[in-house]
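Now for the letters of each chain:
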Amino acid sequence: EYRLSEYVICWGKAPLASDPDVLHGHALIDMMKRGTKVITIDPQLTWIAGRSEKWLRVRPGTDAALALGFMNVIINEDLYDHEFVENWTYGFEALAERVQEYPPSKVAEITWIPEEEIVAAARMYAAAKPATIHWGLAVDMSKNGVITAHAIACLVGITGNIDVPGGNVLIDQAASLEFGYNYGIWE
């Protein structure tokens, strides 16, 4: 089933220049033409960032704090997906406790993003159904990339945007290989 994402967060990603992870620049532009809104998290003003609903100019290396700040807002304002959290997550109480250490005011100091922008972006993402987050090499290659990726994955999870059309879809590797062989992508 295909469904257009209401919001796409491009997190440290340049889909127009390079993208090995499925969200290609031309597809994102087509989605934007059809109504998808974009939040860009990137120190650089990219072409996509200039056309996004919101551009969060994050201080390099502080992405994990930003994800924790988003979760602080979403959990404390009761914007998370209760049903998904109850049925599909483990350790939510510990996560909710941990994000209390990252209120938007502290995250603003760490990331250099104004507090009101952090809060607004977190609310936009939490309210959108479905929404997706795509991160790029800026996250993968940073020295705290694993921690950042875990924080972003938790953010996707608490909003219930995992494995739903228009959200972050999980792909079974065997199924993707079968698809590739059946459609001549791989030989």
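As a reminder, the structure under discussion sits directly above these lines.
Residues numbered from 1 in each chain as written. Predicted model: local features only at pLDDT ≥ 70, side-chain atom pairs only at ≥ 80, totals over all residues. Heavy atoms only, no water.

Focus: the pairing of strand β2 (residues 37-41)
Alright, step 1. Within β2, 4 of the 5 residues are buried, which leaves the element mostly enclosed by the surrounding structure.
Alright, step 2. One ladder, built from 5 bridges, connects strand β1 (residues 7-11) with β2; its direction is parallel. Counterpart to Y7 in the pairing with β2 is K37.
Alright, step 3. Pairing of β2 with strand β3 (residues 54-56) involves 3 bridges; the strand directions are parallel. Bridging from a neighbouring strand, I39 pairs with K54 of β3. (Buried < 20%, exposed > 50% of the residue type's maximum accessible area, 1.4 Å probe, protein only. Helix = DSSP H or I, 4+ residues; strand = E, 2+ residues; numbered from the N terminus. Pairing = 2+ DSSP bridges.)

A short note on the sheet that holds strand β4 (residues 131-135)
Alright, step 1. Spatially, β3-β2-β1-β4 is the arrangement adopted by the 4 strands of the open sheet, whose pairing is parallel. Looking at which strands have only one partner, the edges of the open sheet turn out to be β3 and β4. Put simply, the sheet's adjacent strands are angled 15° from each other on average, direction ignored.
Alright, step 2. The sheet strands contacting helix α3 (residues 63-76) are β1, β2 and β3, and the helix crosses β1 at an angle near 155°.
Alright, step 3. Strands β1, β2, β3 and β4 of the sheet are contacted by helix α7 (residues 115-127), whose axis makes an angle of about 125° with β3. (Axes fitted to C-alpha atoms, helices over the stretch in contact; angles between N-to-C directions. Contact = heavy atoms within 4.5 Å.)

Topic: the environment of L45
Alright, step 1. Relative to the helices and strands, L45 is located in the loop between β2 and α2 (47-50).
Alright, step 2. With 11 residues separating them along the chain, L45 and L56 place their C-alpha atoms 9.4 Å apart.
Alright, step 3. Beyond its immediate stretch of four places on either side in the chain, L45 contacts G50 and W55.

Some points on the nonpolar core
Alright, step 1. With 42 residues, the main nonpolar core has W11, I41, L66, F70, M71 and I158 as its most contacted residues.
Alright, step 2. Residue assignment for this core shows that the elements contributing at least two residues are β1, β2, α3, α5 (92-98), α6 (104-111), α7, β4 and α9 (145-158).
Alright, step 3. The greatest single-element share of this core, amounting to 9 residues, is contributed by α3.
Alright, step 4. Excluding residues within four positions of it along the chain, I41 makes contact with I9, C10, W11, G12, L56, V58, D63, L66 and F70.
Alright, step 5. Residues V8, M31, M32 and V38 belong to the second largest nonpolar core, which totals 7 residues. (Core = buried A, V, L, I, M, F, W, Y, C linked by side-chain atoms within 4.5 Å.)

Digging into the side chain of T159
Alright, step 1. Residue position: T159 is located in the loop between α9 and α10 (173-182).
Alright, step 2. Side chain to side chain, T159 and N161 meet in a polar contact 3.0 Å long.
Alright, step 3. Setting aside chain neighbours within four positions, we find T159 in contact with I74, D81, Y125, A126 and K129. (Polar contact = N/O pair within 3.5 Å; in protein donor to acceptor, adjacent residues only side chain to side chain.)

Structural notes on the pairing of β4
Alright, step 1. Counting buried positions over the 5 residues of β4 gives 4, a clear majority of the element.
Alright, step 2. Note: β1 against β4, 5 bridges, orientation parallel. Pairing of Y7 across the sheet is with A131, part of β4.

Focus: the packing of aromatic side chains
Alright, step 1. Taken as a whole and judged by the stated rule, the model has 2 aromatic pairs.
Alright, step 2. The interplanar angle of 50° and the centroid separation of 6.1 Å between the aromatic rings of W11 and F70 together place this pair among those described as tilted. Residue W11 is located in strand β1, and its partner F70 is located in helix α3; the two are separated by 59 residues in the primary sequence.
Alright, step 3. The exposure class of W11 is buried, given its relative accessible area of 0%.
Alright, step 4. Note on F70: relative accessible area 0%, which makes it buried.
Alright, step 5. An angle of 40° between the planes, with centres 4.7 Å apart, marks the rings of Y80 and F92 as tilted. Taken together, the residues span a long stretch of sequence, with Y80 in the loop between α3 and α4 (82-88) and F92 in helix α5 at a distance of 12 residues.
Alright, step 6. Note on F92: relative accessible area 12%, which makes it buried.
Alright, step 7. Positioned above the aromatic ring of Y102, the side-chain terminus of K106 is 5.0 Å from the ring centre. (Phe/Tyr/Trp six-rings, centres within 6.5 Å; stacked < 30°, edge-to-face > 60°. Lys NZ or Arg CZ within 6 Å of the ring centre and 35° of its normal.)

Remember, this is a structural readout, not a statement about activity or role.
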